[in-house]
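Structural overview
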Amino acid sequence: MSYFFNPKRFYHSLGRRRFWEWLLLVAFILFFYGPLLHMFMLAFADKYEAPGVVPQKFGFQWWEYVLGQRTLVSSITLSFTIAFITTFASMVICLPAAYVLARYEFPGRKAVMFSFLLGNAFPRIGIYTSIGIIFYRIGLMGTFPGVLLIHLLGTMMMMIWLPSGAFRSVPRQQEEAARDVGASPLQTFLHVTLPMAWPGIAVAAMFAFIGSLGESEGTLLVGLPNYRTMPVEMYGVILDYPATAGAVFALILIVPNILLLLLMRRYLGAETISKGYKMG
Amino acid sequence: MQKRTWKTNLFIVLMLLPALVLSLGIIAYPMLNTLVKSFRDAEGAFTLENYRFLFTDKIALDNIWFTFWVTAATVLLAIAFAYVLSLYLRFSEGKISRLIGSLYLLPRFVPTLVAIYAMMTVVRDSGFLNRVSQLFGASFKPGLLFNPKGIIMMNLWFNIPFAAMIVSASLSAIPNSVVESARDVGAHKLSVFFRMILPLSIKDVLIAMTFVFMSNISSFTTPYLIGPNHPMMLGVYLRRQFSTYMNYELSAALSVVIFLFSSVSAVVYLYTNLKQKEWEKVN
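Packed helices, taken two at a time, are described by their axes: the angle between them and the distance between them. At a minimum axis separation of 10 Å, helix α12 (residues 230-240) of chain A and helix α5 (residues 112-123) of chain B run at an interaxial angle of 15°. One way to sum up the angle between α12(A) and α5(B) is to call them roughly parallel. In this structure, α12(A) meets α5(B) at a crossing whose hand is left-handed. Taking contact as the criterion, the partners of Pro231(A), Met234(A), Tyr235(A) and Ile238(A) in α12(A) are, on α5(B), Leu113(B), Tyr117(B) and Met120(B). Along the lines of polarity and charge, the residues of the contact of α12(A) with α5(B) split into seven nonpolar, no polar and no charged.

Right, let's talk about a nonpolar patch on the surface for a bit. On the surface, a nonpolar cluster with roughly 620 Å² of combined accessible area is contributed by Trp6(B), Leu10(B), Val13(B), Leu14(B), Leu17(B) and Val21(B). Mapped onto the secondary structure, Val13(B) falls in helix α1 (residues 6-38).

Rolled over the atoms, a probe sized like a water molecule indicates the empty space that remains. As enumerated under the stated definition, the model contains three cavities of 30 Å³ or more in all. Contributing to the lining of the largest cavity are 40 residues, with Arg124(A), Gly211(A), Arg108(B), Thr112(B) and Ser215(B) lying nearest its centre. Within the residue set of the lining of the largest cavity, elements represented by two or more residues are α7 (124-138), α8 (144-168) and α10 (185-214) of chain A together with α7 (148-171), α9 (189-217) and α10 (221-226) of chain B. Counting residues per element, the lining of the largest cavity draws most heavily on α10(A), which supplies six residues. For the second largest cavity, the calculated volume is near 110 Å³.

Turning our eyes to something else, we now look at the layout of surface pockets. Empty space within the largest pocket amounts to approximately 1,200 Å³. Around the largest pocket sit 28 residues that line it, and Arg17(A), Val84(B), Leu87(B), Tyr88(B) and Ser92(B) are the ones nearest its centre. Of all elements in the fold, only α3 (16-43) of chain A together with α3 (58-91), α7, α8 (176-184) and α9 of chain B reach the threshold of two or more residues within the lining of the largest pocket.

This brings us to α3(B). Its 34 residues give α3(B) an end-to-end C-alpha distance of 49 Å, which sits within 8% of 50 Å, the value for a rise of 1.5 Å per residue. N-cap assignment for α3(B): the residue whose side-chain oxygen lies 3.2 Å from the backbone N of Ile59(B) is Asp57(B).

The next thing to look at is the domain arrangement of chain A. Residue and element names in this part refer to chain A. The domain boundaries assigned to chain A delineate domain 1 (23-59) and domain 2 (70-276). Summing both partners gives a buried area of about 570 Å² for domain 1 against domain 2, and 89% of it is carried by carbon and sulfur. Interface area lost by domain 1 to domain 2 is led by Met39, Leu42 and Ala43, which between them contribute 69%. The interface formed by domain 1 and domain 2 holds zero salt bridges in total. Taken together, the connections running from domain 1 to domain 2 amount to zero residue pairs in polar contact (both at pLDDT 80 or more).

All names here are of chain A. One can describe the packing of α12 onto helix α13 (residues 243-263) by two numbers: an axis separation of 10 Å at closest approach and a directional angle of 160°. Considering the angle they form, α12 stands roughly antiparallel to α13. Helix-helix and strand crossings are classified by hand; for α12 and α13 the assignment is left-handed. Packed against α12, whose contacting residues are Met230, Pro231, Glu233, Met234 and Val237, the element α13 presents Gly246, Phe249, Ala250, Ile252 and Leu253 at the interface. Grouping the amino acids of the contact of α12 with α13 by side-chain chemistry returns eight nonpolar, one polar and one charged.

Cut-offs used in this document
- Residues numbered from 1 in each chain as written.
- Chains lettered and ligands numbered in written order.
- Predicted model: local features only at pLDDT ≥ 70, side-chain atom pairs only at ≥ 80, totals over all residues.
- Heavy atoms only, no water.
- Axes fitted to C-alpha atoms, helices over the stretch in contact; angles between N-to-C directions.
- Helix = DSSP H or I, 4+ residues; strand = E, 2+ residues; numbered from the N terminus.
- Parallel < 35°, antiparallel > 145°, perpendicular 65-115°, else oblique.
- Left-handed = near helix turned anticlockwise from the far one by under 90°.
- Contact = heavy atoms within 4.5 Å.
- Nonpolar A, V, L, I, M, F, W, Y, C, P; charged D, E, K, R; others polar.
- Patch = residues over 30% accessible without salt bridge, like charges linked within 9 Å, V, L, I, M, F, W, Y side chains within 5 Å.
- Areas by Shrake-Rupley, 256 points an atom, 1.4 Å probe, with all protein chains shown as cover.
- Salt bridge = Lys/Arg side-chain N within 4 Å of Asp/Glu carboxyl O.
- 1 Å grid on protein atoms, 1.4 Å probe; cavity = no way out; pocket = protein on both sides within 12 Å on 5 of 7 lines; lining within 4 Å.
- Points joined across faces, edges and corners; volume = space filled by probe spheres on them.
- Expected span 1.5 Å × (residues − 1).
- Polar contact = N/O pair within 3.5 Å; in protein donor to acceptor, adjacent residues only side chain to side chain.
- Domains from an automatic or database assignment.
- Buried area = accessible area lost by both parts, 1.4 Å probe.

Shown next as structure tokens:
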């Protein structure tokens, strides 16, 4: 054992530079992936009692338990429904604005862009509580439109800034060339601009989707008691359920995000995503 | 620029309208409402009492200071780690750097609650770390729950990858040829860093700092689940004033105070953004 785990030996066999690289990799994996991998293990543990490091018995017992809870299962359907509608609505509302902000110069353009950042500077909890009071007054508390509005709030900045940056990077000459050979403005947009800006739009849509899927603070305030999404249930699960059941539910929450991450890998560079945090 | 027709102007307005109406309705109006409410007492009369309370009450002041230093520590540590990580990813070639490069974005995709839950099962007193330590006959308790260390650790988990992503994007925009030519004429590694790489990426470092600062100064979920009860982060304090004590006016004033702190970083952001535009004009 000590033959393999002797750090000195390891150091000299790799050389100084490679040794530090490996150390970085190990620290990175342990810190960022360790907790998630551990949770993965927990989710498939039937019996996991202290001081066992590895579960005494693996199985699907807790999956049956979680999937047998009516409220938890219905929260899964609800979360996906809300996330789909939020993403779609956010695109319909924000993309036209993103296009105009990218392509036209007009007074107040910068202010409009900046206002979305300022909206982010205001504490979310503060906006939620204030919206909560307004919703009480106009009867939107605990209703589906109310929840939807709360979810839209979280998507707006990204859905404006990121596609706006994407539209901006489509060369104007390309659009003009299409117009010159007789394409209508709409045709130009659909066949030239949109395909070229697509990666940015797709990434923004994906962030809207997973943002909505993970939104808990606002829904907790506005949606209860009628609309309990997965993250809202998760609060209760963290506090009341056995750790193994919590791990199952957490895993169900994370699966769609990981699938999306894999599906969109082609588009997901640091360059594309970071455009969502810069006003163009 | 040619003069635009009224049709084009109408088009611009119509395209902007839905997003503007929505953001006025769910961002601007609630913000204004909060601002007005913060100057009212429970009967609706004008008062400065809410603000006076926040800056004189012992508990409130404790919470403000606590939030400040937890946020400052988060920002500084996250940016420092993220910068080193980005430098490594940018200037090192090899399997390990490519592997980390493809793995570091994941935390951005993990829902807050899931990440916190996963971390809790590892670091709590009967958690994984404790069980591993018992293999070696010790009983190691990390003591990372319900104190500021735990909040900062969790914040780093979320924010190092985020900041590294922003900084990486800006570092990858620096062409290799620029760095190489400086090295060719004999510039030392350190001077290449301080005179080229740092100045070229400082704007994005500030952008990353702005967002890390903003999202952490008002954070709720992390401190609510793993933070201490006293002193507590302002996000939790605000939520408690609202839900438990139903003190809507005080929680409104608290929102405004947090907003003012955040706005400082928003202005820094705007300033760096405008400055860069002037610099571009010269070219």
